[in-house]
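# Chain and residue survey
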Amino acid sequence: MTATLGATPTIVLVGHGMVGQRFLEALAERGLTATHRVVVLCEEPRPAYDRVALTSYFSGKTPEDLSMTDMEFIETHGIELYIGDPAVSVDREAKQVTARSGQVFEYETLVLATGSFPFVPPVPGKDAEGCFVYRTIEDLLAIEEYAKTRTTGAVVGGGLLGLEAAGALKGLGLTSHIVEFAPRLMPVQVDEGGGAALLRTIEDMGLTVHTGVGTQEIVVDAEGAVTGMKLSDGSELATDLVVFSAGVRPRDQLARDCGLTVGERGGITVDEQCRTVSDPHVFAIGECALASDGRVYGLVAPGYEQAETAAATIAADESEQLTFTGADLSTKLKLLGVDVASFGDAHGTAEDCLDVVYSDSRAGLYKKLVIGRDGTLLGGILVGDAEAYGTLKAFTGSVPPVSPESLVLPAGAGAPAQLGPSALPDEAIICSCNNVTKGTIRGAVTDHQCTTVPEVKKCTKAGTTCGSCVKVLGQLINAELEASGVEVDKGLCGCFSQTREELYEIVLALRINTYQDLLDRYGRDGAKGGDGCEICKPAVASIIASLAPTIGASGYVLDGEQASLQDSNDHFLANIQKNGSYSVVPRIAGGEITPEGLIVIGEIARDFGLYTKITGGQRIDMFGARVEQLPLIWARLVDAGFESGHAYGKSLRTVKSCVGQTWCRYGVQDSVRMAIDLELRYRGLRSPHKLKSAVSGCQRECAEAQSKDFGVIATAGGWNLYVGGNGGATPRHADLLAQDLSDTELIRLIDRFLMFYIRTADRLERTSVWLERIPGGLDHVRDVVVEDSLGICEELETLMAAHVANYRDEWAETIKDPEKLARFVSFINAPDTPDPVVGFVPERDQIKPDLPLLTIGHRPLEGSAQR
Amino acid sequence: MTLAPETTDLKVQVLLDEDWLTVCDLTRLLPGRGVAALLPDGNQVALFRDRAGQLYAIDNRDPFGGAAVLSRGLTGSHQGRPFVASPLLKQRFDLETGQCLDDEAVRIATYEVRSTG
Ligand code: SRM
Ligand SMILES: Cc1cc2nc3c(=O)[nH]c(=O)nc-3n(C[C@H](O)[C@H](O)[C@H](O)COP(=O)(O)OP(=O)(O)OC[C@H]3O[C@@H](n4cnc5c(N)ncnc54)[C@H](O)[C@@H]3O)c2cc1C
Ligand code: SF4
Ligand code: FES
């Protein structure tokens, strides 16, 4: 069959990968899909998908999630997409492409976007059963299937993709090895120092790295399946599976066969317009092209630029003459959870340049900046902490406004410089994947009325590819909004224009005790009478719960309307896990537990087959409970005297303790008793964010009280109270609020402190952030809660007394109430059927979620995409 | 527990191919919260009821995380459109169209649903 050339000229695209898809979008944007017939030959069994995010398949993304192709787009633009039908030959004389199915397409313009293929070194045994490459979704499916019955895997190649592949093998439960010929990992991106930091971190994750050795032979058994590999140092590595990740080569065979010029080391030679040098009717873009600067680019951003260039050239639009003359090779990756970034002249090849290096191999940190003689930032490498990547990259090529040293020093070692994005020039590239400048982003805010990150993403495409620029994007948008005098809406959400603090005051002053009442009276105009949203419902539920006894609301968070407002976890009084099962955390006040208590927990966990772990909060977490098991488990726990640990709530978590004076030779007070007293006093107290505490028996601080929202350290004369500490993502040491307090003084001060925080903090604002934000900071808080400068201390104490007096255990309450219990089922129409997606597999003598089960019930993509 | 007579016998039904499948009593749907139901073909549907009494039914599976948990998410409205936010990573889905409000490329199945005596 031959498709005849109609009145409309035809563009044939060979290869529907990431760059091919971007090319189609660029054609559509320029109106070319309306004036041309567009034919796409796609070799893979599915349309274009996000290859950059390929590995996220192993963390639960389905092939459908990875898809980059909106079938509606293909249809609206009348694009003919032939899936699973590659081009097999090109006749340039006749201007025809033949596909494997036998279809022949005549073209006016041919665009090759065939990408690369993984290079497999020619070692004996390379084609054995158990050898794989890592490029397509099909490769991943095959690896996953093969790994099911195997225990060890090895990756040949310690570059960027090799590390990703090794991480994936580890994720599949295999003991994983990386074999790299070069003396360090990621030899292209990082230097020796960076390689060392990376090596340490990766080894700490339990992967074995062999550098400086080559693979000589793949060893196979009688059936021809892999059993190991022989290395160049004479050793042999036993492995069941080998993934080759030793680089890629341009797929230029189709071009070679039809006589197009290709480079010495491969790649279809093109000019600055991405037109092949041999034939004006043929273009090549993406990883198969050898650009005019003599390079083949293995990254997606340059490919996107080439796609735009080719489309603009085909459109022959005089006003838009794009050229592609080279691209930046900056990359930022999260490999196995380690940040690695390199940008600009990372290896310092420029003449006379200098290095500024900060290295802490113990912490797996390595940061290097390459600086020119005149102070220009030329490039750099960041391993372990790439926070500054966005700003540093944007400053590359200019002299940064602060000293380079201050940019690489970690927080705490001298004042780290805060290089806000506002210091950047308008030409600075913020999103390198999509080549978007700061000027364009500002324009989106000022000229196109964008006010949020998603809006700016849509408007400019910035942030839509690797995502590494999204943080800077957010900062820029807010800075721009504030600068242009737009009043940044401080309201809680789309439903309320008040802040959380203002809502708290309204609820307390007017004794409003239902959400609907608050929304209908004080909501924004469009929101009154509506359903609210996922932000204000739990926030208001929390305010109502903190003030319940005072405003006449029920103190039970699942009562009446309150049940419908709670965050999903509070609604089930348990923490949801990735597969839809729940964790169970009984309160173990102060971390003190009797042998009987331990036995009961052990028996329950054993009887229900739960995974058990000692938490970082000095208690025991049981994982893997199905929703219908929660009441049964809790009935037994409550019976044995346990109560909810509120691990799910924005409320008091744990008050940790050290053993203190009773046993420890240094202890000066009974820290365990105080921790238990505090935990029992504040349990169940709903607050803007979770609250944590600890009590240490002496200044040695074994309970880490200074990292808590309120921490207590014993002194010879009583207790010191510290506030505003935080672990987590942004650790903060607590500040000393008062010294040498008696038991009563301590408790009174904590009562006031907590109630003042609950009253004035924003939603999801820990005490550490709150203390830094509120005007006057610690001094103001001390004035209010110690000196009673606002005259509200009595009220604060009364509110807390009401909470303490009215506390009831939520789980005990729930298991008594048949109506509430009816909710704990997987299916309303089949209460006895467990959710089939929740399953478990063994690991280290316990269970873990069976993740492959989660893809059940998922329609395969092919069926819907085929025409 | 006493219930108003006019609501006691109302049933929630979901349209499957040609037939309406009865899932539960209307009273089991708390305004602002969801429940899940198992369909004969093994799929799971998440059912919701809003404050105005309107019913919605969408696929129960969170397409991002894979678990069947959308029925346990928080509901609300955004620019006048009803949505549920996944309890896993909080992506929101339009209850009428199944469109993910935080990722244009993602849309989940929806079902026709009614209450009937
Ligand atoms: C189980 C546990 C880890 C463990 O295996 O040890 C844990 C597990 C979780 N932590 Fe944690 N954290 C646990 C101790 C900690 C600690 C250590 C501590 O409390 O001394 C910290 C640092 C201290 C701190 O909070 O300042 C900690 C800092 C966080 C953070 C970061 C908070 C921050 O301010 O930056 C989050 C995220 C959040 O809350 O937004 C978090 C969130 C979580 C969540 C709730 C994430 C989630 O939504 O699924 C995890 C749920 C657990 C579950 O399903 O039960 N977890 N988490 C620990 C439970 C302690 C307990 O008994 O309740
Ligand atoms: C695991 C992994 C992680 C990566 N991470 C990053 C990253 O973090 N950052 C980054 O910038 N880049 C990354 N890359 C590289 C990035 O994916 C590529 O640069 C990008 O996909 C190139 O796009 P392309 O369209 O040129 O090629 P491809 O996406 O490979 O598409 C080419 C398509 O053409 C098809 N094809 C070939 N021959 C024919 C034919 N004869 N007929 C029809 N179809 C044909 C192929 O089957 C393929 O589908 C990663 C790659 C992998 C594999
Ligand atoms: S903090 Fe002091 S009292 Fe407590 S265990 Fe450590 S050394 Fe002993
Ligand atoms: S830099 Fe990759 S999406 Fe912006």
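Refer to the structure above for everything that follows.
Cut-offs applied
- Throughout this description, residue numbers start from 1 for each chain and increase along the sequence as written.
- Lettering of chains starts at A and numbering of ligands starts at 1, both following the order in which they are written.
- Where totals are concerned, whole chains, interfaces and linings use all residues; where local detail is concerned, this predicted model gives features only for residues with pLDDT of at least 70, and gives and counts side-chain atom pairs only at 80 or more.
- No hydrogens and no water enter the side-chain calculation; it runs on all heavy atoms of the structure.
- Here a residue is near a molecule or strand as soon as one of its heavy atoms is found within 4 Å of it.
- Charged residues are taken to be Asp, Glu, Lys and Arg, nonpolar residues to be Ala, Val, Leu, Ile, Met, Phe, Trp, Tyr, Cys and Pro, and polar residues to be all remaining types, Gly included.
- Buried means the residue's accessible area, taken with a 1.4 Å probe over protein chains only, is under 20% of the maximum for its type, while exposed means over 50%, and partly exposed covers the values in between.
- A helix here means a DSSP run of H or I that spans at least four residues, while a strand means a run of E at least two residues long, and both kinds are numbered starting from the N terminus.
- In this analysis, two residues are considered to be in contact whenever any of their non-hydrogen atoms come within 4.5 Å of each other.
- Once two parts are brought into contact, the accessible area they lose, counted with a 1.4 Å probe and summed over both, makes up the buried area.
- Any Lys or Arg side-chain nitrogen found within 4 Å of a carboxyl oxygen on Asp or Glu counts as a salt bridge.
- For the purposes of these results, a polar contact is taken to be a pair of N or O atoms within 3.5 Å, where, inside protein, one atom must be able to donate a hydrogen and its partner to accept one; residues adjacent in sequence count only when each atom of the pair is a side-chain atom.
- Two strands form a pair only when DSSP identifies at least two bridges running between them.
- In this description, a line fitted to the C-alpha atoms serves as the axis of each element, helices being fitted only across the stretch in contact, and the angle between N-to-C directions of two axes falls anywhere from 0 to 180 degrees.
- The cut-offs work like this: below 35 degrees is roughly parallel, past 145 is roughly antiparallel, 65 to 115 is roughly perpendicular, and the gaps in between are oblique.
- Crossing chirality is assigned from the near helix's rotation relative to the far helix, an anticlockwise turn below a right angle marking it left-handed and a clockwise turn marking it right-handed.

## A closer look at the site of ligand 3
Around ligand 3, the surrounding shell consists of A:C658, A:G660, A:C664, A:G667, A:G697, A:C698, A:R700, A:E701 and A:C702. Class assignment of the residues belonging to the shell around ligand 3 gives a composition of four nonpolar, three polar and two charged.

## Details of helix α5 (residues 137-147) of chain A
Burial in α5(A) covers these residues: A:I137, A:D139, A:L140, A:I143, A:E144, A:Y146 and A:A147. Among the structural elements, α3 (63-66), β10 (131-133), α6 (160-171) and β17 (241-244) of chain A are those in contact with the buried residues of α5(A).

## Examining the interface of chain A and chain B
A common measure of how large an interface is: the accessible area buried when the components associate. Residue-level contacts link 47 residues of chain A with 37 residues of chain B. Both faces combined, the contact of chain A with chain B buries some 3300 Å², and carbon together with sulfur accounts for 50% of it. When residues of chain A are sorted by the area they lose upon contact with chain B, A:D531, A:E534 and A:I828 head the list and together hold 21% of the total. Along the contact surface separating chain A from chain B lie two salt bridges. B:R51 is the salt-bridge partner of A:D520, the closest N and O atoms lying 2.4 Å from each other. Counting every contact that joins chain A to chain B gives 18 residue pairs in polar contact (both at pLDDT 80 or more). Residue assignment for the side of chain A that touches chain B shows that the elements contributing at least two residues are α16 (515-522), α17 (536-551), α18 (561-565) and α19 (568-572) of chain A. Here the side of chain A that touches chain B is composed, by residue class, of 16 nonpolar, 19 polar and 12 charged.

## Some points on the sheet that holds strand β31 (residues 611-614) of chain A
All names here are of chain A. The four strands are arranged β29-β30-β32-β31 in an open sheet whose pairing can be described as antiparallel. Each edge of the open sheet carries a strand with a single partner, namely β29 (575-576) and β31. As judged from the two bridges shared by β29 and strand β30 (residues 582-584), these two strands associate in the antiparallel manner. Considered in β30, the bridge of I576 is made with Y582. The strands touched by helix α21 (residues 630-639) within the sheet are β30 and β32 (620-625), with β30 carrying the most contacts at an inclination of about 0 degrees.

## Description of the sheet that holds strand β4 (residues 80-83) of chain A
Residues and elements named next belong to chain A. Here we have five strands laid out as an open sheet, ordered β4-β3-β2-β8-β20, and parallel in their pairing. At either end of the open sheet lies a strand with only one pairing partner, and these are β4 and β20 (282-284). Averaged over neighbouring strand pairs, the angle between their axes works out to 15 degrees when direction is ignored. Two strands pair when backbone bridges link them, and strand β8 (residues 109-112) and β20 are joined in this way by three bridges, in the parallel orientation. From the neighbouring strand, L110 faces β20, where its bridge partner is V282. In this fold helix α1 (residues 18-29) packs onto β2 (10-14), β3 (37-42) and β8, with an angle of close to 160 degrees to the strand it touches most, β2. Docked against the sheet, helix α9 (residues 300-315) engages β2, β8 and β20, running at close to 160 degrees with respect to β20.

## Thoughts on the packing of helix α15 (residues 500-510) of chain A against helix α23 (residues 743-760) of chain A
Residues and elements named next belong to chain A. Two numbers describe how α15 lies on α23: the axes approach to 7 Å, and their chain directions differ by 110 degrees. Judged by the inter-axis angle, α15 sits roughly perpendicular to α23. Where α15 abuts α23, its residues R500, E501, Y504, E505 and L508 lie against M755, I758, R759 and T760.

## Things to note about the packing of α15(A) against α16(A)
Residues and elements named next belong to chain A. Across the interface, α15 lies against α16 with an axial gap of 12 Å and an inter-helix angle of 110 degrees. Comparing the axis directions of α15 and α16 gives the class roughly perpendicular. Crossing of α15 against α16: the hand is right-handed. Residues L503, I506, V507 and L510 of α15 form the contact with α16, whose participating residues are L518, R521 and Y522.

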